[in-house]
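Single-letter residue listing:
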Amino acid sequence: MRSRNDRASTRPAEVLQYLVLPAAVLVLWQVASDVGFVRRNILPPPSEVVLVWYDLITGSTDAAARYSGSWLGHAWASTWRVFAGFAWGATLGIVAGLLIGLSRAVERMLDPTLQVLRNIPVTAWVPLSLVFFGIGNAPAIFLIGLGAFFPAAINATHGVRQINITLYKAARMMGADERELLRRVILPGALPSILTGLRLSMGIAWVLVVVAEILAVRRGLGYLLNDAYLFYRNDVVIAAMLSIGLLGFVSDRLVVLVRRALLTWNEKETFGGEH
Amino acid sequence: MGSISVSAVSKRFETGDVDVTALDAVDMQVRDQEFVTLVGASGCGKSTLLNLIAGFETPSSGQVVVDGAPVRGPGPDRGVVFQQTALFPWLTVEQNIAFGLSLRANRDKGEATPIVERLLERTGLAAFRKRRPAELSGGMRQRAAIASVLAIDPSTLLMDEPFGALDALTRSIMQDFLLELWEARRKTVVLVTHDIDEAIYLADRTIVMTAHPGRISEVIEVDLPRPRRYEMRSTAAFIRLRDHVTQIVRAEAMKGTAPLDATAASSAMPDSAMTATMNAHTK
């Protein structure tokens, strides 16, 4: 089984395993462009994207022209929106999910409505949210929060429901009152599932920030991507795409880190993959 | 303190359209500090009876009284040891043992640290105090679960097939471990098991139950000397008791399968015929 200690001493063979796929993609992409298999203005080679991306961030070479040096502002705008939407959506989702898991009465009151709403794609909310909130941050944060809400809620409910009934009975037998049951049994028992929900919510938040920024605002990586597309700057488009991918990846790692810090106990009885 | 009085208790469960009578007019008295085992084939209602005393279930009729007060729900005066070990997977062994004492209901039971220390020592888990349940063997887990219940010092210990999930060797070691704890600090114990040897070996009295509906069939005084020793299992007195209980339980179990006996006898033929053929092939 994998353990954290193994990871510190990564062997050369493992480094290779990590690098095989990205290296192959980059090489193929570069070659395809160099031999003229694809037109450079449609799919610029990685060598060009890197230069444009560099200027996008530093503003030192003007390779990105009108976008030169604008990266930090866009990246910050997107990140901020993601976390703002995630914060309200996931918080509300966890609370609603816990309540549904704890009480059949609350389940009857909330669950049917939520199940119907859940099946409306968040993108279908775009027109209404623009009409309602106007152009700007508000509709973006609304859409992101809406998307983050459902996985957080569903996983919190599942987290409560899968708690071993014997643990619940044992705590009651020892004299735990309602508050102690919630704080000492239900919450820690549901935590692994809650954190799984947060991870999914974070993923959805990054999807929706792009949708929202294409439609509702004039800043952010989604806006940059769409604007560069309109100006036929596919190199900037690709740089923006990769930026979103990387920031999404870093956010996901953050949630995983929180998970690791909180759950030192949950990984002992799982497969965890081969070495 | 830890006397239990079960009077005219019946319990019916509604499952769909049919009512199942799990217990029918059961009377049972357990004295303070007595070790009683409930034994019987599956479905005889022995676990239901334990759950009624624990307060997880309420009787359909009749009354369960513990220490003079009718049972209204689970409580720390009646510690329950479950077959599926009730340890919190996110807590270490010592945190699990301290759990009960950290609850508001048990504030007056003394400071946790010395109690936890004593129990870690007694259960031989001191070296494993920082381990989590998933890192322990089945026997160690059940010892930790027993320790976590003993920490709140209940006057009564209710055990629902506590060693049922353990292998035979570990089970017999755990039985001696339990007796040792009990000899050192006597409590009222009601232990449910389907293991007849275990039922006799541990008990002052063994209550044999029969099914459909669940009733007490016989109460057997186990007059073997204490402290019990593993070797006693091969004494004539032990074997006599075991054969007696086995007969009751088997007769009961056969009742349900009586029409099948004929089929069982006839199916013995093709079986042996098949073995013969297989032998012929391997030769």
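Residues numbered from 1 in each chain as written. Chains lettered and ligands numbered in written order. Predicted model: local features only at pLDDT ≥ 70, side-chain atom pairs only at ≥ 80, totals over all residues. Heavy atoms only, no water.

Draft legend 1. Quick look at the overall build of chain A. When helices and strands are tallied, chain A shows 11 helices and zero strands. In terms of overall dimensions, chain A has C-alpha extents of about 75 × 55 × 30 Å along its principal axes. Each of the 275 residues in chain A was classed as buried or not, and the buried ones make up 44%. Across chain A, contacts joining residues at least 24 apart in sequence account for 68% of those joining residues at least 6 apart. For chain A, the computed accessible surface area is about 15,300 Å², with 68% contributed by carbon and sulfur atoms. Here chain A carries 25 positive and 18 negative side-chain charges, and the mean point of each set is 6 Å from the other. (Helix = DSSP H or I, 4+ residues; strand = E, 2+ residues; numbered from the N terminus. Buried < 20%, exposed > 50% of the residue type's maximum accessible area, 1.4 Å probe, protein only. Contact = heavy atoms within 4.5 Å. Areas by Shrake-Rupley, 256 points an atom, 1.4 Å probe, with all protein chains shown as cover. Lys, Arg positive; Asp, Glu negative; His and termini not counted. Charge placed at Lys NZ, Arg CZ, Asp CG, Glu CD.)

Draft legend 2. Focus on the sheet that holds strand E7 (residues 156-160) of chain B. Residues and elements named next belong to chain B. What the six strands build is an open sheet, ordered E6-E7-E8-E3-E9-E10; its pairing is mixed. Of all strands in the sheet, those with a lone pairing partner are strand E6 (78-81) and strand E10 (215-221), marking the two edges. Between one strand axis and the next, the sheet turns through 20 degrees on average, direction left out of account. In terms of strand pairing, E6 meets E7 through four bridges, oriented parallel. In the strand pairing of E7, Val 80 is matched with Leu 158. Together, strand E3 (35-40), E6, E7, strand E8 (188-193) and strand E9 (205-210) form the strand contacts of helix H1 (residues 46-54), whose direction differs from that of E7 by roughly 150 degrees. (Pairing = 2+ DSSP bridges. Axes fitted to C-alpha atoms, helices over the stretch in contact; angles between N-to-C directions.)

Draft legend 3. Inspection of the interface of chain A and chain B at higher detail. If you look at the interface, chain A gives 22 residues, while chain B gives 28 residues. In total, about 2,300 Å² of surface goes out of reach between chain A and chain B, with carbon and sulfur atoms giving 66% of it. It is Met173(A), Met174(A) and Arg184(A) in chain A that bury the most area against chain B; as a group they hold 32% of the surface buried on that side. At the junction of chain A and chain B, the tally comes to one salt bridge. A salt bridge links Asp177(A) to Arg104(B), with the nearest nitrogen and oxygen atoms 3.0 Å apart. Connecting chain A to chain B are five residue pairs in polar contact (both at pLDDT 80 or more). Counting only elements with at least two residues in the side of chain A that touches chain B, the list comes to helix H8 (165-173) and helix H9 (178-216) of chain A. (Buried area = accessible area lost by both parts, 1.4 Å probe. Salt bridge = Lys/Arg side-chain N within 4 Å of Asp/Glu carboxyl O. Polar contact = N/O pair within 3.5 Å; in protein donor to acceptor, adjacent residues only side chain to side chain.)

Draft legend 4. Region of interest: the domain arrangement of chain A. All names here are of chain A. With domains assigned, chain A is organised as domain 1 (11-67) and domain 2 (71-262). Its C-alpha centre places domain 1 at a distance of 31 Å from the equivalent point of domain 2. Around 1,300 Å² of area is buried between domain 1 and domain 2 when both sides are counted, 71% of it from carbon and sulfur atoms. When the buried surface of domain 1 facing domain 2 is broken down by residue, Trp 53, Leu 56 and Tyr 67 rank first, second and third, together holding 46% of it. Across the domain 1-domain 2 interface, the total number found is one salt bridge. (Domains from an automatic or database assignment.)

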